[in-house]
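Chain residues, written in single-letter form:
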Amino acid sequence: MNPSIGLVIPAHPARVRNGMLTRAINSVCVQKLQPSELHVTVDRRREGAAATRNRGLAAVQAKWVAFLDSDDEFLPQHLERLAAHAVETGADMVYPWFEPVGMTDPVGRFGQPFDPVQLRTANYIPVTVLVRTELLRSVGGFRDRFDPAVLATCEDWGAWLALVDAGARIVHLPERTWKWHQHGGRTSGRAVQGDAA
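No experiment lies behind these values; they were computed from the predicted model shown.

### Thoughts on the overall build of the protein
Thought 1: Secondary structure summary: the protein contains seven helices and seven strands in total.
Thought 2: The N-to-C order of helical and strand elements in the protein reads β-α-α-β-α-β-β-α-β-α-β-α-α-β.
Thought 3: Put simply, 77% of the contacts in the protein that link residues at least 6 apart link residues at least 24 apart.
Thought 4: Roughly 8,500 Å² of accessible area belongs to the protein as shown, and the carbon and sulfur atoms make up 52% of that amount.

This is the structure:
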């Protein structure tokens, strides 16, 4: 039995205009396992990725939530494989790996099991996870990436650390299920950087 999944795609107006958001949504349309909800949240007030992602998270009614950045895309098996792995392992959060497009793998941890000690020194989990909705909400969702309490990098990192502190079972799916695009307009979560500026 497949779990219900709400999918959140944060974006900003430039991604609506330049076609990247359309590409991301098209990759959702060809999923073997379709999400029960799709929430596209557009950052029109320059709040940044954390606040925009949290607005989408607040709207999700499904038991599970998945995330996709508006400049990346899922491969057709992405949601199906994450959902199956969550059921198989009893995980609270599953993170897969990616096909790097326009770059080499900047993280280099494909296939390595989840390591909470390593996560405290550097974030190696991209945001394309599947996680229990209420659990992510209960730890406060995503943090502003420039909050010193989040070690000043990656707005998703603070969420993962809070999940670890809450005792969440986090597992890695050692499969490449999405494409991470490198391009000159990357924002790194900031509302005043890249093509969001």
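### A word on the sheet that holds strand β7 (residues 170–181)
Thought 1: Pairing is mixed in the open sheet, where seven strands are placed in the order β2-β1-β3-β6-β5-β7-β4. Both edges of this open sheet fall to β2 (37–42) and β4 (73–74), since each of them pairs with a single strand only.
Thought 2: Pairing between β4 and β7: two bridges, direction antiparallel. Bridging across to β7, E73 finds its partner in K179.
Thought 3: Most of the contacts of helix α3 (residues 49–59) go to β2, to which it runs at about 150°, and overall it touches β1 (5–11), β2 and β3 (64–67).
Thought 4: Packed onto the sheet, helix α7 (residues 157–165) meets β5 (93–101), β6 (130–132) and β7 and runs at close to 170° relative to β7.

Reading the values: rules and limits
- Residues numbered from 1 in each chain as written.
- Predicted model: local features only at pLDDT ≥ 70, side-chain atom pairs only at ≥ 80, totals over all residues.
- Heavy atoms only, no water.
- Helix = DSSP H or I, 4+ residues; strand = E, 2+ residues; numbered from the N terminus.
- Contact = heavy atoms within 4.5 Å.
- Areas by Shrake-Rupley, 256 points an atom, 1.4 Å probe, with all protein chains shown as cover.
- Pairing = 2+ DSSP bridges.
- Axes fitted to C-alpha atoms, helices over the stretch in contact; angles between N-to-C directions.

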